[in-house]
Amino acid sequence: MKTPQYLKKDSKIAIVAPARKISREEIAYAVKWIEEKGFVPVYDDRLFAEYHQLAGDDDFRASVMQDYLDRDDIDAIFCARGGYGTIRIVDKLDFSNFEKHPKWIVGYSDVTVLHAKMQQLGYQSIHGTMPINFPNDTKEALESLYEALTVGTQRATSAQATPIVGGNLSVLYSMLGSDLFPETDGKFLFIEDLDEYLYHIDRMMMALKRAGKLAHLKGLIVGAFTDMHDNTIPFGMTAKEIIAEKVKEYGYPVVWDYPAGHIDDNRAIILG
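A short tour of the structure in this document, coming up. Keep in mind the model is a prediction, meaning the values are calculated, not measured.

## Observations concerning the side chain of Ser-144
Mapped onto the elements, Ser-144 comes out in helix H5 (residues 139-150). Residue Ser-144 is classed as buried on the basis of its relative accessible area, which comes to 16%. Among the polar contacts made by the side chain of Ser-144, one reaches the main-chain carbonyl oxygen of Ala-141 at a distance of 2.7 Å. Beyond its immediate sequence surroundings of up to four residues, Ser-144 is in contact with Asn-266, Arg-267 and Ala-268.

## Here's the deal with the pattern of salt bridges
Counted by the stated rule, this structure contains 15 salt bridges. Note that Lys-246 is salt-bridged to Asp-202, the shortest N-O span being 2.6 Å. Here Asp-202 lies in helix H7 (residues 198-210) and Lys-246 lies in helix H8 (residues 239-247), a separation of 44 residues in the sequence. The same class applies to Lys-246 as to Asp-202, namely buried. A salt bridge links Lys-209 to Glu-249, with the shortest nitrogen-to-oxygen separation between them at 2.6 Å. Of the two residues, Lys-209 sits in helix H7 while Glu-249 sits in the loop between H8 and strand E9 (254-255), which places them 40 residues apart along the sequence.

## Some points on a nonpolar patch on the surface
On the surface, Tyr-197, Tyr-199 and Phe-235 cluster together to form a nonpolar patch covering roughly 270 Å² of accessible area. Along the polypeptide, Phe-235 turns up in the loop between strand E8 (219-226) and H8. Assessed through its relative accessible area of 32%, Phe-235 is described here as partly exposed.

## Considerations on the packing of aromatic side chains
Under the counting rule described, the total for this entry stands at nine aromatic pairs. With a centroid separation of 6.1 Å and 85 degrees between ring planes, the pair formed by Tyr-43 and Phe-48 is classed as edge-to-face. Residue classification places Phe-48 among the buried residues on the basis of a relative accessible area of 16%. In this structure, Lys-37 packs its charged tip against the face of Tyr-146, placed 4.8 Å from the ring centre.

## With respect to the nonpolar core
Counting residues in each nonpolar core, the largest one holds 49 residues, and the members touching the most others are Ile-77, Ile-191 and Leu-220. Discounting residues that sit within four places of it in the chain, Leu-220 has contacts with Leu-189, Ile-191, Ile-243, Val-247, Tyr-252, Pro-253, Val-254 and Val-255. One finds Ile-13, Trp-33, Phe-39 and Leu-149 within the second-largest nonpolar core, a separate group that totals 27 residues.

## Structural notes on the side chain of Lys-117
On the secondary structure map, Lys-117 appears in helix H4 (residues 112-121). Within the buried core, Lys-117 has no salt-bridge partner, and the shortest N-O distance to an opposite charge, that of Asp-179, equals 5.5 Å. A distance of 2.8 Å separates a polar atom in the side chain of Lys-117 from a polar atom in the side chain of Gln-120. Not counting the four nearest positions on each side in its chain, Lys-117 is found in contact with Val-90, Phe-95 and Leu-180.

## So, the pairing of E8
Across the eight residues that make up E8, a large majority, eight, are buried. Pairing analysis gives six bridges linking strand E7 (residues 188-194) to E8, with the strands arranged parallel. Within E8, the residue paired with Phe-188 across the bridge is Gly-219. The pairing of E8 with E9 spans two bridges and is parallel. Within the sheet, the bridge partner assigned to Leu-220 lies in E9 and is Val-254. Following the backbone out of E8, through H8 and into the adjacent parallel E9, one traces a crossover that is right-handed.

Calculation notes
- Residues numbered from 1 in each chain as written.
- Predicted model: local features only at pLDDT ≥ 70, side-chain atom pairs only at ≥ 80, totals over all residues.
- Heavy atoms only, no water.
- Helix = DSSP H or I, 4+ residues; strand = E, 2+ residues; numbered from the N terminus.
- Buried < 20%, exposed > 50% of the residue type's maximum accessible area, 1.4 Å probe, protein only.
- Polar contact = N/O pair within 3.5 Å; in protein donor to acceptor, adjacent residues only side chain to side chain.
- Contact = heavy atoms within 4.5 Å.
- Salt bridge = Lys/Arg side-chain N within 4 Å of Asp/Glu carboxyl O.
- Patch = residues over 30% accessible without salt bridge, like charges linked within 9 Å, V, L, I, M, F, W, Y side chains within 5 Å.
- Areas by Shrake-Rupley, 256 points an atom, 1.4 Å probe, with all protein chains shown as cover.
- Phe/Tyr/Trp six-rings, centres within 6.5 Å; stacked < 30°, edge-to-face > 60°.
- Lys NZ or Arg CZ within 6 Å of the ring centre and 35° of its normal.
- Core = buried A, V, L, I, M, F, W, Y, C linked by side-chain atoms within 4.5 Å.
- Lys, Arg positive; Asp, Glu negative; His and termini not counted.
- Pairing = 2+ DSSP bridges.
- Right-handed = clockwise from strand over helix to strand, strands pointing away.

Here's what the structure looks like:
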């Protein structure tokens, strides 16, 4: 996987909303953090567009994202928040100019779509916290993001590194069977999720298992499974038990409760 240039003083970070809408107040803390770290935040009034739940209609959001993907002076793109909507615009985007000047794509949850696109194109990206979360993030979460942007994997050799793929389980499930679903064989797969019924976690894990996406992993990294729900008649297993059942036959290592996902201590992971 190709690594975008690490950030340095005065590197420009664009803030973009590829999914749900966001307000000026909701990014204020993140803008201050970016400036305090010596970077330059880049955004304009387009960031605050509204179209029902979304930050503008599909064509509008795609055009804004395209603008920042194309710009040679932008060194990283922070997705302002998740929600839903990135998958509606990913096929509208042209990455040909991006490949001439790759930049870090940063986010999690719905941004799993863009991470999958980066892996398809052969570029690393950062699964990490987003501007809407910055006010509540732990110091460790924000410092891990800064380190990923500026130090990254420079201390690891290619012989030591096995690529990590994945992201939000529900978003991965939505891409199953498409060209965007990441190649998992020989990789570490990372998964996390929020606000799902336990039976649906089981359904999604069964789908990945039956599609052969779990059989040949190097290992599985399980992040936060936050605010899980159950029915009146209990499903009978926790999220951890559901996941363990699906992979126990394979014999590879599983990391449980890794601090990443929909939690305040959302540590950055360099995907790819």
